[in-house]
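# A structural walkthrough
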Amino acid sequence: MIIAHTINEVKEHVIEWKKKGLSIGLVPTMGYLHEGHASLIKKARTDNDIVIVSDFVNPIQFGAGEDLEDYPRDFEADCKLCTSLGIDLIFNPNPSEMYLKGFHSYVGVDTLSAGLCGKSRPIHFNGVCTVVSKLFNITEANRAYFGKKDAQQLCIVKRMVRDLNFNIEIIGCPIIREEDGLAKSSRNTYLNATERAAATILHKALTKGEDMIRNGEKKSHTIINEIKSILEKEPLARIDYVELVDSDELQPVDTINGGILCAIAVYIGKARLID
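Everything numeric in this text was worked out from a predicted model, so none of it was measured.

Quick notes on the rules
- Residues numbered from 1 in each chain as written.
- Predicted model: local features only at pLDDT ≥ 70, side-chain atom pairs only at ≥ 80, totals over all residues.
- Heavy atoms only, no water.
- Helix = DSSP H or I, 4+ residues; strand = E, 2+ residues; numbered from the N terminus.
- Contact = heavy atoms within 4.5 Å.
- Buried < 20%, exposed > 50% of the residue type's maximum accessible area, 1.4 Å probe, protein only.
- Salt bridge = Lys/Arg side-chain N within 4 Å of Asp/Glu carboxyl O.
- Pairing = 2+ DSSP bridges.
- 1 Å grid on protein atoms, 1.4 Å probe; cavity = no way out; pocket = protein on both sides within 12 Å on 5 of 7 lines; lining within 4 Å.
- Points joined across faces, edges and corners; volume = space filled by probe spheres on them.
- Nonpolar A, V, L, I, M, F, W, Y, C, P; charged D, E, K, R; others polar.
- Phe/Tyr/Trp six-rings, centres within 6.5 Å; stacked < 30°, edge-to-face > 60°.
- Lys NZ or Arg CZ within 6 Å of the ring centre and 35° of its normal.
- Polar contact = N/O pair within 3.5 Å; in protein donor to acceptor, adjacent residues only side chain to side chain.
- Axes fitted to C-alpha atoms, helices over the stretch in contact; angles between N-to-C directions.

### So, the environment of A237
Looking at the secondary structure, you find A237 in strand β7 (residues 237-246). If near-sequence neighbours (up to four positions away) are discounted, A237 is found in contact with I201, L231, V266, Y267 and I268.

Listed below in structure tokens is the structure:
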């Protein structure tokens with residue numbers, strides 16, 4: 001496996017792979033890889049001749065007071081996992097490599113980024129779109145893989161690719177969960193034992209909402225209120241949002257009709273968990 005720290009290193013290898021007509025799959029990550037990331041990598045390995053994993057904690061998607069400095073990092077462990085999964089190249093740049101002095105160019109998607117996580121993290125998705133755009137250009141990947149846990153991010157990246165005519169296919173992969181239902185996340189490491197047990201309330205609440213819809217409930221406010229009532233029974237849970245939105249424009253819906261997304265964000269201790 002190649003370990004590259006500069007953009008030029010990656011581009012040199014990409015040029016050679018492209019000359020040979022090899023397809024490239026990209027898995028963008030912020031490192032501290034877990035089973036969820038592994039599932040993306042395995043899918044990319046199945047679909048492509050070459051797999052690149054980016055391992056970069058992107059500073060421009062963190063707002064003031066967020067957890068940029070505390071975000072978990074273990075590059076050595078990341079390399080071991082990537083090696084075991086047959087990755088061809090792991091790209092681990094410094095922020096100064098990705099954002100040269102005088103950097104002023106950003107990419108954003110209006111409307112889709114205004115609600116849900118965008119309400120409390122107003123700069124987040126511009127940072128995501130900017131770094132992902134750069135990674136697409138650097139790697140010239142044919143396909144890129146994102147987890148469906150970050151549903152708003154996946155929707156925004158797909159829209160950006162469509163609107164800006166990127167020559168890349170975006171593939172969403174299923175949520176990977178712990179045995180008790182908690183979605184895999186690098187931020188789960190922030191939870192102590194008591195908080196970890198409390199965090200299972202997210203999956204319980206969402207499962208109840210899903211059951212209500214499957215049993216014919218159509219009123220969004222009824223479903224949202226029930227999910228909130230379950231979350232509020234957990235003393236350590238602090239709700240950021242509970243919303244039902246359409247799966248295309250991510251706008252709130254009053255009545256269940258067609259494809260919808262039920263999205264929640266909940267603080268457990270200092271960890272902000274989404275599902």
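### Let's talk about unusual backbone geometry
Positive phi, close to 50°, is recorded for L116, a residue that is not glycine. With respect to the element layout, L116 can be found in the loop between α4 (95-98) and α5 (117-120). Overall, L116 belongs to the buried group, its relative accessible area being 2%. For E140, which is not glycine, the phi torsion reads 50° and is therefore positive. Examined against the element boundaries, E140 turns out to sit in the loop between α6 (124-139) and β5 (143-147).

### What to know about the pattern of salt bridges
The final tally for this structure, using the stated rule, is 18 salt bridges. The salt bridge partner of E35 is K184, with a shortest N-O separation of 3.0 Å. A residue pair is termed long-range when its members are at least 10 positions apart, and E35 in helix α2 (residues 35-47) and K184 in the loop between β6 (169-173) and α8 (193-198) qualify at 149 residues. Look at E35 and you get partly exposed, because its relative accessible area is 46%.

### Details of the pairing of β6
In terms of strand pairing, β5 meets β6 through five bridges, oriented parallel. Among the inter-strand pairings, A144 is bridged to a residue of β6, identified as I170.

### What to know about the layout of surface pockets
In this structure, the second largest pocket spans a volume of roughly 170 Å³. Across the lining of the second largest pocket, the residue classes break down as nine nonpolar, three polar and four charged.

### Observations concerning the packing of aromatic side chains
Both the distance between ring centres and the angle between the ring planes are used here to describe each pair of aromatic rings. Taken as a whole and judged by the stated rule, the model has five aromatic pairs. Considering the side-chain rings of Y99 and F103, the 4.9 Å spacing of their centres and the 75° angle between planes classify their relative orientation as edge-to-face. Through pairs of rings, three or more aromatic residues link up here, namely F56, Y99, F103 and Y106. Above the plane of the ring of Y267 lies R238, whose end atom (NZ or CZ) is 4.2 Å from the centre. The lysine or arginine in question, K270, covers the ring of Y190, its NZ or CZ lying 4.8 Å from the ring centre.

### Some words on the side chain of N58
Relative to the elements of secondary structure, N58 occurs in the loop between β3 (50-55) and α3 (75-84). By relative accessible area, which is 1% here, N58 ends up buried. Polar side-chain contacts of N58 include one of 2.9 Å to the side chain of Q61. Within the structure, the side chain of N58 is placed 2.5 Å from the side chain of Y99, a separation counted as a polar contact.

### Examining the sheet that holds strand β8 (residues 260-268)
Across the sheet, three strands lie side by side as β7-β8-β9; this open sheet has antiparallel pairing. Taken across any chain shown, the strands that pair with only one partner, and hence form the sheet edges, are β7 and β9 (271-274). Averaged over all pairs of adjacent strands, the angle between strand axes in this sheet comes to 15°, irrespective of strand direction. Where helix α9 (residues 201-214) meets the sheet, its contacts fall on β7, β8 and β9, and the angle it forms with β8 comes to roughly 155°.

What is shown is where atoms sit, not what they do.
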